[in-house]
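Given next are the chains, with one letter for each unit.
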Amino acid sequence: MTGAVRRPGALGVALAVLVVALLPLAATTDRFLTLANGRAILASAALVGITAIGATLVMIAGSAVSMAASQTATVVAMVFLWTLSHGLVVATLFGLLAGVLITVVQGLIVGYWEANPIVLTIAAGFAIGGGSVWFSGGTPVNAGSGDYEVLNATPLGLPLAVYVLLALAVLAQWMLRRTAPGRQMYLIGENRAAARAAGLPVGRVIALAWAFFGLCLAVTGVFLAAFNTSATTNLAGTLTLDAIAAVLLGGTAIAGGKGSALRTLGGAVLIAVIADVLLLRGYSTGIQILAKGVLVLAVVVLVHLRGRR
């Protein structure tokens, strides 16, 4: 007996149409089909992708999105550069610790007190942003030494951040599919009340998802600092919105219970390709942000319509 053929959802069809429409546009764009541009796309996708991989776990666990990603990555970059005079290892550890602590506190509040994650992270974003201004005095934080150059290495012609992105994507996918907390994230995201009634450690699992997100944010902040060699309060730019776009384009349900780290990786690359095509065609940064916003809006509408059906 043969099984029923699974039809692609509206989101899958829409993404397929987008890719098909993008192919001729990219192919006819000057300098797009070059090795150097391919490397640039992967480098661009790396930092957004690392953040988006962490955000995927948070969204799967039913915590929607974090609106404080950019501010957190900026603070991590400042801490990293400020402590770099003590050596690369010490600075990296301090940066990672800062990112995890800042984010896991929010996860504990969401997991155990059931705070609204969007409202909470908006407030946290203001607080973290204010902290970065206080920490830096409103001036750029510069590197205490040149040890950061190690992080700008390009093994086999690709930035080190690309390899870290791939490693984190595989690790996150393994956690989601092969570990008890990972599988519990799907159950909690699907129905938190039922998961709690079934005796699942809801608060602890949600906090774990946020801790991994904080680790990813910290890694992003460290690479941002190494690449830019200094950090200002707007260092991370549109990182928050870019990461959310990558997660949604990867098919993760904003309400939770469904998603994949590997599909998020594809979403990050797609975002980078779109931005690259627009850049090579001479469109402004504003147009690039507008295009990402329209994509996110379309995905949210499609997911909502699919949910109603």
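A brief report on the enclosed structure follows. Residue numbers here run from 1 along each chain, matching the order of that chain's written sequence. For a predicted model such as this one, the threshold for reporting local features is a pLDDT of at least 70, and the threshold for listing and counting side-chain atom pairs is 80 or more; totals across whole chains, interfaces and linings nevertheless cover every residue. Each side-chain value is worked out from all heavy atoms of the structure, with water and hydrogens disregarded.

### Focus on the packing of aromatic side chains
Here's step 1: Aromatic rings from Phe, Tyr and Trp, taking only the six-membered ring of Trp, are treated as a pair when their centres fall within 6.5 Å; an angle between ring planes under 30 degrees marks them as stacked, one over 60 as edge-to-face, and anything in between as tilted. Summed over the entire model, instances satisfying the criterion amount to two aromatic pairs.
Here's step 2: Geometrically, the ring pair formed by W210 and F213 is edge-to-face, given 6.2 Å between the ring centres and 75° between the ring planes. With a gap of three residues between them, W210 and F213 both fall in helix α9 (residues 202–228), about one helical turn apart.
Here's step 3: On the accessibility criterion, F213 (3% relative accessible area) is buried. Numbering of helices and strands runs from the N terminus; a helix is a DSSP stretch of H or I covering at least four residues, while a strand is a stretch of E covering at least two. The rule is simple: take the accessible area with a 1.4 Å probe, protein chains only, and divide by the maximum for that residue type; under 20% is buried, over 50% is exposed, in between is partly exposed.

### Quick word on empty space enclosed by the protein
Gaps left between atoms show up when a probe the size of a water molecule is rolled over them.
Here's step 1: Only protein atoms enter the 1 Å grid, on which a cavity is a set of points fitting a 1.4 Å probe that cannot get out and a pocket is an open set with protein on both sides within 12 Å along at least 5 of 7 lines, lining residues being those with an atom within 4 Å of a point. Grid points are joined across faces, edges and corners, and a volume is the space filled by probe spheres set on the points. Using the criterion set out here, one finds one cavity of 30 Å³ or more in the structure.
Here's step 2: Counted as a void, the largest cavity has a volume near 70 Å³.
Here's step 3: Around the largest cavity, the lining residues are A55, V58, M59, A64, V65, S66, A69, F213, T240, A243, I244 and V247.
Here's step 4: Going through the elements one at a time, α2 (35–60) and α10 (239–249) are the ones with two or more residues in the lining of the largest cavity.
Here's step 5: Here the lining of the largest cavity gets four residues from one element, more than from any other, and that element is α10.
Here's step 6: For the lining of the largest cavity, the residue count by class is 10 nonpolar, two polar and no charged. Any residue outside Ala, Val, Leu, Ile, Met, Phe, Trp, Tyr, Cys, Pro, Asp, Glu, Lys and Arg is labelled polar, Gly included; the first ten of those are nonpolar and the last four are charged.

### Points about the layout of surface pockets
Here's step 1: The computed volume of the largest pocket comes to approximately 930 Å³.
Here's step 2: For the largest pocket, the lining is made up of 35 residues, of which A43, S44, L47, L224 and F227 are closest to its centre.
Here's step 3: Of all the secondary-structure elements, those providing two or more residues to the lining of the largest pocket are α2, α6 (160–178), α9, α10, α11 (261–280) and α12 (285–308).
Here's step 4: A total of eight residues in the lining of the largest pocket trace back to one element, the largest contributor, which is α2.
Here's step 5: Tallied by class, the residues present in the lining of the largest pocket amount to 24 nonpolar, eight polar and three charged.

So far we have only geometry, and geometry alone does not tell us how the molecule works.
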